[in-house]
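# Structure assessment
Listed below, chain by chain, are the residues.
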Amino acid sequence: MKTGIAGKVCIVTGGGSGIGRASALAFAAEGAKVVVANRTGSKAEAVAAEIRAAGGEALALQVDVSVGTEVQEMIGVTVATYGGLDILFSNAGISPNGSVTAISEEEWDTCLAIDLKSVFLGAKYAIPAMQKRGGGVILNTAGTLGIRPTRDKAAYGAAKAGVINLSKAIALDYGPDNIRCNVICPGYVDTPLTAHIDAAARDAFLARSQALHGLIRAEEVAALAVYLASDAARMITGQAFVIDGGQQAGMLW
Ligand SMILES: NC(=O)c1ccc[n+]([C@@H]2O[C@H](COP(=O)([O-])OP(=O)(O)OC[C@H]3O[C@@H](n4cnc5c(N)ncnc54)[C@H](O)[C@@H]3O)[C@@H](O)[C@H]2O)c1
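Below is a short write-up of the structure.

## Focus: the side chain of asparagine 91
Here asparagine 91 shows up in the loop between β4 (87-90) and α4 (105-133). Exposure remark for asparagine 91: the relative accessible area of 9% places this residue in the buried category. A distance of 2.8 Å separates polar atoms of two side chains, one belonging to asparagine 91 and the other to threonine 141.

Written out as structure tokens, the structure reads:
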């Protein structure tokens, strides 16, 4: 099936690692011109180089997605380089631990800025460019903890719940401009973000909490992102898509 992504201009934030890297590669494989945006510029450069080595087109940008001026510049450079913007995948994020009494106000603010404000900033500055283009697609990465929280992740869960609600609001506000907005909610994905977790503890947790066995791969999340950005998803907007091995389906005792 043709995705309609060939020739489109796509930004992936957090594109230097994990889900973002896999998505940048997947969009490039579909023929998109991909802007790989990452706070650590060297990681963005490495992924852009991978795309170019495979015959694709890519631009690496060092961007802190929690800073409005940097996000605005990211959109401006993208439009100046490729003539417009069609797809924004706001995916960059951090995943700090801590209950409300354990974390400082600064830690709360940092998490909310990187995980939630970034989604606001991305949409705010991307939408005018998409309106000029006659439409576009915004994808945001939340997580299953944005649907149902767990212990010791207060700021992260609150930010990701905000991402889900904000994505729906964007879908409602800009549907008339032919701009779709959906949100991806991964469960436990095998990326550098989760690499510090002890393998035995992780496997025991997954065995008791997922309906399906095994780790979710970043490439599988990327495939969902490509589908949601494709022409096949033309009438899908304002929805949260869970990819979690069945973790959210119900309680496993
Ligand atoms: N891995 C999981 O199990 C999982 C589960 C649910 C949700 N998520 C979400 O998926 C997204 C991607 O996570 P991942 O697992 O690929 O993690 P990752 O750590 O492999 O990649 C995240 C990337 O975002 C970048 N980044 C962090 N802060 C940034 C900032 N302020 N500006 C620009 N770039 C920044 C990092 O440098 C990194 O390259 C995140 O939003 C995360 O919360 C991950």
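## Points about the site of the ligand
Lining the immediate surroundings of the ligand are 28 residues, of which Ser17, Ile19, Asn91, Val189 and Thr191 lie closest. Separating an oxygen atom of the ligand from a backbone N or O atom of isoleucine 19 is a distance of 2.8 Å. Contacts to the ligand include tyrosine 156, whose side-chain N or O atom sits 3.0 Å from an oxygen atom. Computed on the free molecule, the ligand has an accessible area of 830 Å², of which 94% lies beneath the protein chains in the complex.

## Brief notes about the pairing of strand β3 (residues 57-62)
Bridge count for strand β2 (residues 33-38) against β3 is six bridges, and the pairing is parallel. Each residue of the ladder has a partner; that of asparagine 38, found in β3, is glutamine 62.

## A look at the pattern of salt bridges
Per the stated rule, a full pass over the model turns up four salt bridges. Two residues, glutamate 50 and arginine 21, come together in a salt bridge whose shortest N-O distance is 2.9 Å. Residue glutamate 50 is located in helix α2 (residues 41-53), and its partner arginine 21 is located in helix α1 (residues 18-29); the two are separated by 29 residues in the primary sequence. Here aspartate 86 makes a salt bridge to arginine 133, at a shortest N to O gap of 2.9 Å. On the criterion of sequence distance, the pair formed by aspartate 86 in the loop between α3 (68-82) and β4 and arginine 133 in helix α4 is long-range, its members being 47 residues apart.

## Some points on the state of the cysteines
In this structure the tally under the stated criterion is zero disulfides. Residue cysteine 181 stays outside any disulfide, its sulfur separated by 12 Å from that of cysteine 185, the closest cysteine. Residue classification places cysteine 181 among the buried residues on the basis of a relative accessible area of 0%.

## Thoughts on a negative patch on the surface
A contiguous patch of negative charge, built from Glu105, Glu106, Glu107 and Asp109, is present on the exposed surface. Note that glutamate 106 resides in helix α4. Here glutamate 106 falls in the exposed class, since its relative accessible area comes to 57%.

## Digging into the packing of α1 against α2
Contact geometry of α1 with α2 gives a least axis separation of 10 Å together with a crossing angle of 25°. Classified by the angle between their axes, α1 and α2 sit roughly parallel to one another. The handedness of the crossing between α1 and α2 is right-handed. Only Val47, Glu50 and Ile51 of α2 make contact with α1, whose side of the interface consists of Arg21, Ala24, Leu25 and Ala28.

## Observations regarding the pairing of strand β5 (residues 136-141)
For β5, the buried fraction is high: six of the six residues fall into the buried class. Residues of β5 alternate between two faces, with Gly136, Ile138 and Asn140 on one and Val137, Leu139 and Thr141 on the opposite face, all of them buried. Across four bridges, β4 lies against β5 in parallel orientation. Paired with isoleucine 87 across the strands is valine 137, a residue of β5. Once the chain exits β4 it traverses α4 before rejoining the sheet at β5, and the crossover so formed is right-handed. With helix α5 (residues 154-174) bridging β5 and its parallel neighbour strand β6 (residues 179-186), the resulting β-α-β unit is right-handed.

## Let's talk about the side chain of glutamine 247
Mapped onto the elements, glutamine 247 comes out in the segment after β9 (240-243). We classify glutamine 247 as buried; its relative accessible area is 11%. Leaving out residues up to four positions away in the same chain, glutamine 247 has contacts with Thr144, Arg148, Phe205, Leu206, Ser209 and Gln210.

## Some points on the nonpolar core
Phe27, Val34, Val36, Ile51, Phe89, Leu139 and Ile184 are the most contacted members of the largest nonpolar core, which has 33 residues in total. Of all the elements in the fold, those that place two or more residues in this core are β1 (9-13), α1, β2, α2, β3, β4, β5 and α7 (218-229). Top element by residues in this core is α7. It accounts for eight residues. Those residues in contact with valine 36, other than ones at most four positions away along the chain, are Val12, Gly15, Gly16, Ala24, Ala44, Val47, Ala48, Ile51, Leu59, Ala60 and Leu61. If you look at the next biggest cluster of nonpolar residues, it comprises 25 residues, including Tyr82, Ala126, Met130 and Ala171.

Reading guide: rules and limits
- Residues numbered from 1 in each chain as written.
- Predicted model: local features only at pLDDT ≥ 70, side-chain atom pairs only at ≥ 80, totals over all residues.
- Heavy atoms only, no water.
- Helix = DSSP H or I, 4+ residues; strand = E, 2+ residues; numbered from the N terminus.
- Buried < 20%, exposed > 50% of the residue type's maximum accessible area, 1.4 Å probe, protein only.
- Polar contact = N/O pair within 3.5 Å; in protein donor to acceptor, adjacent residues only side chain to side chain.
- Near = heavy atom within 4 Å.
- Areas by Shrake-Rupley, 256 points an atom, 1.4 Å probe, with all protein chains shown as cover.
- Pairing = 2+ DSSP bridges.
- Salt bridge = Lys/Arg side-chain N within 4 Å of Asp/Glu carboxyl O.
- Disulfide = S-S within 2.5 Å.
- Patch = residues over 30% accessible without salt bridge, like charges linked within 9 Å, V, L, I, M, F, W, Y side chains within 5 Å.
- Lys, Arg positive; Asp, Glu negative; His and termini not counted.
- Charge placed at Lys NZ, Arg CZ, Asp CG, Glu CD.
- Axes fitted to C-alpha atoms, helices over the stretch in contact; angles between N-to-C directions.
- Parallel < 35°, antiparallel > 145°, perpendicular 65-115°, else oblique.
- Left-handed = near helix turned anticlockwise from the far one by under 90°.
- Contact = heavy atoms within 4.5 Å.
- Right-handed = clockwise from strand over helix to strand, strands pointing away.
- Core = buried A, V, L, I, M, F, W, Y, C linked by side-chain atoms within 4.5 Å.

The analysis is restricted to geometry; functional conclusions fall outside its scope.
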